[in-house]
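Descriptive structure summary
If you want the building blocks of each chain, they are given just below.
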Amino acid sequence: MRKKRDEKSRVRWLRDFLCGILIGAGAILPGVSGGVLAVVFDIYRPFMEVLTHPRTAIPKYWRWFPALAIGWCVGFLGFAKGIAVCLDQSAAITTWLFIGLIVGTVPSLFREAGQEGRGPSAWVSLAVCAAAVFAGLFYVGRVLSVTVEPSFWWYNFCGALWGMSVVIPGLTSSSVMMALGLYQPMLEGLARLDLLVLSACLPGMVITMLLLARLVSWFFRRHYAVAYHGILGIVLASTLVIVPTVYVGWWEVVLSALCCAGGFWLASFLARLDQRVKKDMKSQ
């Protein structure tokens, strides 16, 4: 009996660790929202409960967060240099890996969104959010051309954007940073653990999450179907915007397809892990 319980704990730890890595890496990659990945991995609501009602939520979820926190640090800080190198070598291949991951999680997100019904307001929310996000990201990525000089306060602004992308699923903060010319300096600073970058962006991220958590949680409680279908629209639009359109050769197209399939497989693997964990929790 004890051996079986230990095996369940290891499976849960592995699942949470991998999810933490992907959420942290998703915050780094342009066009990918760490908050969206938190939603589709069923981590978002527990995390928001911890931010809004720590006294009751921490005793309830404390076993989850060590693995998630370690994985997030590995994905966010450890992957910063790796992702920078991968993007430099082939932005298309790296982006297609995460597109495959996101597409693989859409079915579970669709089921989650429909748990309390799909009224007309839910479908309107999906359409409006998808259109607004697509237009906004397209404008920032393809039309707007503004560059700023990196500094402590601009790095603090980047941290605030990352905090917003965690609390508001679908917000792709990295795309905004790229439009302002802050993304590459920030990524390089994280890769070498620059104290100026860390001391500026981390407090901004934490403060933003704490300030926005209650408002976002209230909206989810009062308008669940509208909120979740809005997130679904955001996921679809943000994924469509980041689809690469330029390739250097046929080999990059082939590798992009393989990485997309690999990302889809990884998402399916995590979904199976999640189902197994939930089944084990219900049987306890």
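Note: the structure precedes this text.
An account of the accompanying structure is given in this report. (Residues numbered from 1 in each chain as written. Predicted model: local features only at pLDDT ≥ 70, side-chain atom pairs only at ≥ 80, totals over all residues. Heavy atoms only, no water.)

Structural notes on the overall build of the chain
The condition that has to hold: Only runs of H or I of at least four residues qualify as helices and only runs of E of at least two qualify as strands under DSSP, and these elements are numbered from the N terminus. A simple rule labels every residue: compare its accessible area, found with a 1.4 Å probe on the protein chains alone, to the largest value its type can have, and call it buried under 20%, exposed over 50%, or partly exposed in between. The contact criterion used throughout is that any non-hydrogen atoms of two residues lie within 4.5 Å.
Scanning the chain from N- to C-terminus turns up 12 helices and zero strands. Secondary structure elements of the chain occur, N-terminal to C-terminal, as α-α-α-α-α-α-α-α-α-α-α-α. The buried share of the chain, reckoned over its 284 residues, is 48%. Sequence separation of 24 or more characterises 82% of the internal contacts of the chain that already satisfy a separation of 6 or more.

Let's talk about the packing of helix 10 (residues 195-222) against helix 11 (residues 224-241)
Convention followed: Think of each axis as a best-fit line through the C-alpha atoms, taken over the contacting stretch in the case of a helix, with angles from 0 to 180 degrees between the N-to-C directions. Oblique is the label for any angle not covered by the other classes, which are roughly parallel (under 35 degrees), roughly antiparallel (over 145) and roughly perpendicular (65 to 115). Three classes are used: nonpolar for Ala, Val, Leu, Ile, Met, Phe, Trp, Tyr, Cys and Pro, charged for Asp, Glu, Lys and Arg, and polar for all others, with Gly counted as polar.
Two elements in contact, helix 10 and helix 11, have axes whose closest approach is 5 Å; the angle formed by their N-to-C orientations is 115°. One finds that helix 10 runs roughly perpendicular with respect to helix 11. Contacts from Phe219, Phe220 and Arg222 of helix 10 reach helix 11 at Tyr224, Val226, Ala227, Tyr228 and Ile231. Its residues placed into classes, the contact of helix 10 with helix 11 shows seven nonpolar, no polar and one charged.

Details of the nonpolar core
Applicable threshold: Among buried residues, those of type Ala, Val, Leu, Ile, Met, Phe, Trp, Tyr and Cys that are joined through side-chain atoms within 4.5 Å constitute a nonpolar core.
The biggest cluster of nonpolar side chains holds 55 residues, and the ones touching the most others in it are Phe41, Trp162, Met186 and Leu190. With nine residues, the single largest contributor to this core is helix 10. Among the nonpolar cores identified, the runner-up in size contains six residues, and Ala130, Val133, Leu137 and Ile234 belong to it.

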